[in-house]
Structure formats: C-alpha cells, structure tokens
Amino acid sequence: MNSIFTHTEQQKICSEVNKKHSTNMEMPEYNTDIIFDENLYTISWNDIENTEIDYDNYLNEIENFFREDFENDILEEEIFSNKRL
C-alpha cells in the first residue's frame, strides 16, 4: 500500500484526530428553544424616512478624516526622509 506517511504511527494518529474533530463539530446539546425578539431588530420605514441627516457634522467628519490622513502622510514623509540622511 502506498502512503504519504513516512512513519507507521502517523496514519493511526491522523485517523484518530480526524475522528475526534468530526464528532466535536456536531452539537447535540444545541438549544433550539431560544426566543428571538423580532422587535429588537426591526426598523420601520418611518424611522428611516423621517430621519434628518446632519450634513454639517457629516462634512466635518469627512474633512477631519482627510486632514488627519494628510498630516500622517507628512509625518511619515519626514520620518522617511530623516532616515535617509
């Protein structure tokens, strides 16, 4: 019999490990009686439709993101140029 295992015990060990993992993946004690409260996870269309977007705050967040990114790029450039000296 041709085998990829170089030692005789390898096949036995692998077989035992595979059996162990295949049985552990089954969940015989899984609780199927969990109550799902749909109201906690439901969004009504009115909640979305009547929401007013705070554009000023939104634009400020975008501006801050790009400013910080630009400042980080400048710092990285300075660090990189100082290492080259």
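The shown structure was predicted, so the numbers you read here are calculated from the model rather than taken from an experiment.

## Concerning the overall build of the protein chain
Now for step 1: Along its length, the protein chain carries three helices and zero strands.
Now for step 2: For the protein chain, the α and β elements follow one another from N to C terminus as α-α-α.
Now for step 3: A burial count over the protein chain gives 0% of its 85 residues as buried.
Now for step 4: Surface exposure of the protein chain reaches about 9200 Å², of which carbon and sulfur atoms provide 54%.

## Topic: the pattern of salt bridges
Now for step 1: Under the definition given, this model contains one salt bridge.
Now for step 2: When the shortest N-O distance is used, the salt bridge between Arg 67 and Glu 63 registers 2.8 Å. With a gap of four residues between them, Arg 67 and Glu 63 both fall in helix H3 (residues 55-84), about one helical turn apart.
Now for step 3: With a relative accessible area of 44%, Glu 63 lands in the partly exposed category.

## Focus: the packing of aromatic side chains
The relation between two aromatic rings is expressed through the spacing of the ring centres and the mutual angle of the planes.
Now for step 1: Tallied over the entire structure, the rule returns one aromatic pair.
Now for step 2: Ring geometry for Phe 65 versus Phe 66: centroids 5.2 Å apart, planes at 80 degrees, classification edge-to-face.

## Comments concerning a nonpolar patch on the surface
Now for step 1: The grouping of Ile 53, Tyr 55, Tyr 58, Leu 59, Ile 62, Phe 65 and Phe 66 at the surface amounts to a nonpolar patch, some 780 Å² of accessible area in total.
Now for step 2: Along the chain, Ile 53 turns up in the loop between helix H2 (45-49) and H3.
Now for step 3: Residue classification places Ile 53 among the exposed residues on the basis of a relative accessible area of 53%.

## Side note on the confidence of the model for the protein chain
Now for step 1: Per-residue confidence for the protein chain gives a mean pLDDT of 76; residues scoring 70 or more make up 67%.
Now for step 2: The secondary-structure element of the protein chain with the lowest mean pLDDT is helix H1 (residues 8-24), recorded at 65, while H3 shows the highest, at 87.

Parameters and conventions
Residues numbered from 1 in each chain as written. Predicted model: local features only at pLDDT ≥ 70, side-chain atom pairs only at ≥ 80, totals over all residues. Heavy atoms only, no water. Helix = DSSP H or I, 4+ residues; strand = E, 2+ residues; numbered from the N terminus. Buried < 20%, exposed > 50% of the residue type's maximum accessible area, 1.4 Å probe, protein only. Areas by Shrake-Rupley, 256 points an atom, 1.4 Å probe, with all protein chains shown as cover. Salt bridge = Lys/Arg side-chain N within 4 Å of Asp/Glu carboxyl O. Phe/Tyr/Trp six-rings, centres within 6.5 Å; stacked < 30°, edge-to-face > 60°. Patch = residues over 30% accessible without salt bridge, like charges linked within 9 Å, V, L, I, M, F, W, Y side chains within 5 Å. pLDDT = per-residue confidence, 0-100.

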